[in-house]
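One letter stands for each residue in the lines below.
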Amino acid sequence: MEKSRKDARLRAQLEAERDELREALSHYDEVERPNIGLGNHMADDGTEAFDQAASLALRRNQERLLEQVEKALARMDAGTYGLCERCGEPIDYARLKAIPYATLCIDCKPRAER
Ligand SMILES: [Zn+2]
């Protein structure tokens with residue numbers, strides 16, 4: 001496949017992922033807003049507190065992911081997308097297809113994270 005077509009596919013993948021994450025994150029706002037100023041009954045409900053902590057952790061993950069996706073799209077616009085941040089070599093297309101926001105090639109990626 002031509003590089004331009006690969007890039008177009010990866011961009012579509014990144015944009016879809018970005019939209020999905022934005023959509024997911026916008027739901028958190030809807031869910032959380034009604035709780036502001038309603039602190040009374042929340043303190044003695046352990047399950048609710050646990051759910052909130054879990055959803056907060058998930059939300060943080062999604063926010064981090066969204067940031068990585070947006071940075072990848074910015075690199076695409078800048079023309080530096082798909083190059084390893086450490087060695088400057090092109091990142092394998094198979095790797096980008098699996099993780100379109102990857103910033104390191106497979107050789108530079110720490111062994112534990114492969
Ligand atoms: Zn590298």
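In this text, all values refer to a predicted model and were calculated from it rather than measured experimentally.

**What about the coordination of the zinc ion?**
Here's step 1: Around the zinc ion, the protein contributes the donor atoms Cys-84 (SG), Cys-87 (SG), Cys-105 (SG) and Cys-108 (SG), at 2.2 to 2.3 Å from the metal centre.
Here's step 2: Each of the four donor atoms bound to the zinc ion contributes to angles spanning 105 to 114°, and the resulting shape is tetrahedral.
Here's step 3: Sequence spacing of the donor residues for the zinc ion, all on one chain, is C-x2-C-x17-C-x2-C. With Cys-87 in the loop between helix H2 (46-78) and helix H3 (93-98) and Cys-108 in the segment after H3, this pair connects stretches of sequence that are 21 residues apart.
Here's step 4: For Cys-87, a relative accessible area of 39% corresponds to the partly exposed category.

**Section: the environment of Lys-6**
Here's step 1: Note that Lys-6 resides in helix H1 (residues 3-32).
Here's step 2: Looking at Lys-6, the relative accessible area reads 24%, which means it is partly exposed.
Here's step 3: Residues in contact with Lys-6, not counting those within four places in the same chain, are Met-1 and Tyr-93.

**Concerning the environment of Arg-9**
Here's step 1: When you line up the elements, Arg-9 lands in helix H1.
Here's step 2: The exposure class assigned to Arg-9 is partly exposed, which follows from its relative accessible area of 46%.
Here's step 3: Once residues within four sequence positions are removed from consideration, Arg-9 is found in contact with Met-1 and Tyr-93.

**Some remarks on the pattern of salt bridges**
One side chain can pair with another of opposite charge once the charged atoms of both are near each other.
Here's step 1: With the rule as written, the count across this model stands at seven salt bridges.
Here's step 2: Residue Lys-3 pairs with Asp-7 through a salt bridge whose shortest N-O separation is 2.8 Å. On the criterion of helical spacing, the pair formed by Lys-3 and Asp-7 is a turn pair, its members being four residues apart in helix H1.
Here's step 3: Of the residues examined, Lys-3 reaches a relative accessible area of 56% and is grouped as exposed.
Here's step 4: Put simply, Arg-11 and Asp-77 hold a salt bridge, and the shortest N to O gap is 3.0 Å. Residue Arg-11 is located in helix H1, and its partner Asp-77 is located in helix H2; the two are separated by 66 residues in the primary sequence.
Here's step 5: A residue is classified by how much of its surface remains accessible, and Asp-77, at 59% relative accessible area, is exposed.
Here's step 6: Taken together, the shared-partner salt bridges in this structure form one network comprising Arg-11, Glu-15 and Asp-77.

**Re the confidence of the model for the protein chain**
Here's step 1: Predicted confidence across the protein chain gives a mean pLDDT of 86, with 82% of residues reaching 70 or more.
Here's step 2: No element of the protein chain has a lower mean pLDDT than H1, which averages 90, and none a higher one than H3, which averages 95.

Criteria and cut-off values
- Residues numbered from 1 in each chain as written.
- Predicted model: local features only at pLDDT ≥ 70, side-chain atom pairs only at ≥ 80, totals over all residues.
- Heavy atoms only, no water.
- Donors = N, O, S within 2.8 Å, 3.2 Å for Na, K, Ca; no water.
- Tetrahedral: all angles 85-135°; square planar, octahedral: opposite > 155°, others 65-115°.
- Helix = DSSP H or I, 4+ residues; strand = E, 2+ residues; numbered from the N terminus.
- Buried < 20%, exposed > 50% of the residue type's maximum accessible area, 1.4 Å probe, protein only.
- Contact = heavy atoms within 4.5 Å.
- Salt bridge = Lys/Arg side-chain N within 4 Å of Asp/Glu carboxyl O.
- pLDDT = per-residue confidence, 0-100.

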